[in-house]
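Here is what each chain is made of, one letter per residue.
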Amino acid sequence: MPYFDRPFIPRRSKKQPTVLREPKFCIPRHKTIKCCRMSCNDMSGPSRLQHLPSSVEKAEALYQQRGQLKEEQLMKKIQKLVGEEEKLRMPIAQGLPWTTDEPKCLIKPPVKKNTIPIDLKLHSDIRAVERARFAHQVAEKGRLIKQYKMERERQQKLEEEEEIKRLRKELIPKAQLMPYFDRPFVPRRSEKQPTVPREPKFCIPRHKTIKCCRMSCNDMSGPSQLQHLPSSVEKAEALYKNRILQ
């Protein structure tokens, strides 16, 4: 793109420096009146009002004084650093020995042998080996269980298929034999005798049987009463007859 065809971009105007203004303090009215009266009484003419420094002049004076102090401190610091560098650059001469005797070679102390590292068995390493073995066992167990389940499912599937085949074979219709019409089936009465009930034999403890025998012997006066005692079979027959009559 040529220089003349470029669009004109206006530049920003440079900002003017800020102008210091005198601050306006909020002073009570009765104090301002009092200050004005005192100033009027003390001053003999208008020449003194011109020489009184304003707040702007005071601020400028303080700013200049502070700048001078900063410059003095910086110069002192630089001079101190330069002096320290010069002192470091100056070589210090070493003094000669006071005697001309040759120094004796001191005996070297005995050198210790290098320490041989010991094969330490940390508890964490042992636990890591045990944990790895346990994890391998768990994985092997899970694999066996999974294999057993797959085998069981396969066997169950084969059994179901065989059962389906068997049922299909049974569902095939087959020809049935014709009945014998010349020899019909006639039910006949059974020739067996009816069952005779027997007296049950209860298991009574020995001490109770002895006691019952004694009581029965005391109550009975002779052998004629034993014949008239109803047995369990007779009682059953009497109850059966009563039910039929009812």
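Model, not experiment: these values are computed from the prediction. (Residues numbered from 1 in each chain as written. Predicted model: local features only at pLDDT ≥ 70, side-chain atom pairs only at ≥ 80, totals over all residues. Heavy atoms only, no water.)

### Notes on the overall build of the protein chain
Assigned secondary structure in the protein chain consists of 7 helices and 0 strands. Shown N-terminal to C-terminal, the secondary structure of the protein chain runs as helices and strands in the order α-α-α-α-α-α-α. Going through the 246 residues of the protein chain one by one, you find that 0% of them count as buried. Surface accessibility of the protein chain: about 28,500 Å² in total, with carbon and sulfur atoms responsible for 59%. (Helix = DSSP H or I, 4+ residues; strand = E, 2+ residues; numbered from the N terminus. Buried < 20%, exposed > 50% of the residue type's maximum accessible area, 1.4 Å probe, protein only. Areas by Shrake-Rupley, 256 points an atom, 1.4 Å probe, with all protein chains shown as cover.)

### Observations regarding a nonpolar patch on the surface
A contiguous nonpolar surface patch, about 360 Å² in accessible area, is contributed by L74, M75, I78 and V82. Residue classification places V82 among the partly exposed positions, given a relative accessible area of 39%. (Patch = residues over 30% accessible without salt bridge, like charges linked within 9 Å, V, L, I, M, F, W, Y side chains within 5 Å. Salt bridge = Lys/Arg side-chain N within 4 Å of Asp/Glu carboxyl O.)

### Description of a negative patch on the surface
A grouping of E159, E160, E161 and E162 is seen on the molecular surface, where their side chains present a negatively charged patch. Mapped onto the fold, E160 is located in helix α4 (residues 123-170). (Lys, Arg positive; Asp, Glu negative; His and termini not counted. Charge placed at Lys NZ, Arg CZ, Asp CG, Glu CD.)

### Details of the pattern of salt bridges
Applying the stated rule across the entire model yields 5 salt bridges. The partner of R127 in a salt bridge is E130, and the shortest N-O contact between them spans 3.6 Å. Placement of both R127 and E130 in helix α4 is noted, with a separation of 3 residues, approximately one turn of the helix. Taking relative accessible area as the criterion, R127 reaches 45% and is therefore assigned partly exposed. Linking E140 and R143 is a salt bridge whose minimum nitrogen-to-oxygen distance equals 2.2 Å. You can see E140 and its partner R143 sitting in helix α4, 3 residues apart, about one turn around the helix. Residue E140 is classed as partly exposed on the basis of its relative accessible area of 30%. Among the residues examined, R143 registers a relative accessible area of 43% and is labelled partly exposed. One connected set of salt bridges, linked through shared partners, spans E163, R166 and E170.

### A word on the confidence of the model for the protein chain
Per-residue confidence for the protein chain gives a mean pLDDT of 77, with 67% of residues at or over 70. Counting contacts from residues 45-49, a segment whose pLDDT is below 50, to residues more than four positions away or on other chains yields 3 contacts. Low pLDDT (under 50) marks residues 222-227, which in the prediction has 3 contacts with non-local residues, meaning those over four places away or in another chain. (pLDDT = per-residue confidence, 0-100. Contact = heavy atoms within 4.5 Å.)

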